[in-house]
Amino acid sequence: MTMWVFGYGSLLWNPGFPVARSERATLHGYARSFCMRSIHHRGTEEDPGLVLALDEQPDARCTGLALAVEAGHEERTLAELRERELISSAYLERMLDVHLDCGQIVNAVTYVIDAHHVQYCGGLPLEEQARIIAHAVGGRGPNTEYLYNTASHLTEIGLHDPDLEWLSQRVRTISA
C-alpha cells in the first residue's frame, strides 16, 4: 500500500524524503494560510516568523501536491516528518482524504494547525503578515526564503494563490 503525504507549503519544494510519484491534489475543509508563528525554523521565540498551516474552515479547500513515498521508505519518512513537523506540537498529524486531479482519492499524512495552540495566529491581516515575514529569521533561514520558495513552486505547478502572490510582492518591497 502506498504511503501518501499532502504537501501545501515547504513540502512542495523540500519534501525531505524519496518521492515515487507527485500529483496535484485538493484537500477539502482546510485553507492554506500563514496562521502559525514559527519559533524554530523561520523565527525565534523572541522574534517569531510565520509559516503556512492548514486552518480548518468548513467551505475551504487547499490545492497542493500528494506525494507518494518511495516503497521501503515509509517508516523512516514518517519518523523524519514527525521530527520536522511536530517540533513544537502546533501541528496535528492527520490521515485525510485528498482528491487527486486524475479523480483518484487517496488517504494522506497531513499536518494541520491546532487552533488551540499558543503558536496559532489565524486571521492576521496580510500587511502584518508581510512585516513579520520580511524580518524574521530562524534555524532554517530567513522567513522570506520560505515564502518565496513556496510561492514560486505553487506557480510552477500551475496553482494560483492570490494571498501568497500579494505577500511575495509586498515582502520584496519591504525588504528592498
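In this text, all values refer to a predicted model and were calculated from it rather than measured experimentally. (Residues numbered from 1 in each chain as written. Predicted model: local features only at pLDDT ≥ 70, side-chain atom pairs only at ≥ 80, totals over all residues. Heavy atoms only, no water.)

Asker: What am I meant to see in the pairing of strand β4 (residues 91-100) here?
Answerer: Successive side chains on a regular strand alternate, one facing one side of the sheet and the next facing the other. Alignment of strand β2 (residues 19-38) against β4, held across two bridges, turns out to be antiparallel. Across the sheet, residue A25 finds its bridge partner in β4, namely L100. Taking the residues between adjacent antiparallel strands as the criterion, β4 and strand β5 (residues 105-113) are bridged by four residues, where G103 takes a positive phi near 105°. (Pairing = 2+ DSSP bridges. Helix = DSSP H or I, 4+ residues; strand = E, 2+ residues; numbered from the N terminus.)

Asker: I keep staring at the packing of aromatic side chains and nothing clicks. Help me out?
Answerer: The relative placement of two aromatic rings is captured by the distance of their centres and the angle of their planes. Counted by the stated rule, this structure contains three aromatic pairs. Geometrically, the ring pair formed by F34 and Y146 is edge-to-face, given 6.1 Å between the ring centres and 70° between the ring planes. Highlighted residues: F34 in strand β2 and Y146 in helix α3 (residues 143-156), separated in sequence by 112 residues. A relative accessible area of 5% places Y146 in the buried class. An aromatic cluster is present here, built from W13, F34 and Y146 joined pairwise through their rings. The ring of Y148 has R172 sitting right over it, with the charged end atom 3.8 Å from the ring centre. (Phe/Tyr/Trp six-rings, centres within 6.5 Å; stacked < 30°, edge-to-face > 60°. Buried < 20%, exposed > 50% of the residue type's maximum accessible area, 1.4 Å probe, protein only. Lys NZ or Arg CZ within 6 Å of the ring centre and 35° of its normal.)

Asker: Where do I start with the packing of α3 against helix α4 (residues 162-175) in this structure?
Answerer: Packed helix pairs are characterised by how far apart their axes lie and by the angle those axes make with each other. Put simply, α3 and α4 touch, their axes get as near as 10 Å, and they point 140° apart. On the basis of the axis angle, α3 is oblique to α4. Like other packed secondary-structure pairs, α3 and α4 cross with a definite hand, here left-handed. Together, T144, L147, Y148, T150, A151 and L154 of α3 and L164, L167, S168, V171, R172 and S175 of α4 make up the contact between the two elements. Among the residues forming the contact of α3 with α4, the class breakdown is seven nonpolar, four polar and one charged. (Axes fitted to C-alpha atoms, helices over the stretch in contact; angles between N-to-C directions. Parallel < 35°, antiparallel > 145°, perpendicular 65-115°, else oblique. Left-handed = near helix turned anticlockwise from the far one by under 90°. Contact = heavy atoms within 4.5 Å. Nonpolar A, V, L, I, M, F, W, Y, C, P; charged D, E, K, R; others polar.)

None of this, on its own, says anything about what the molecule does.
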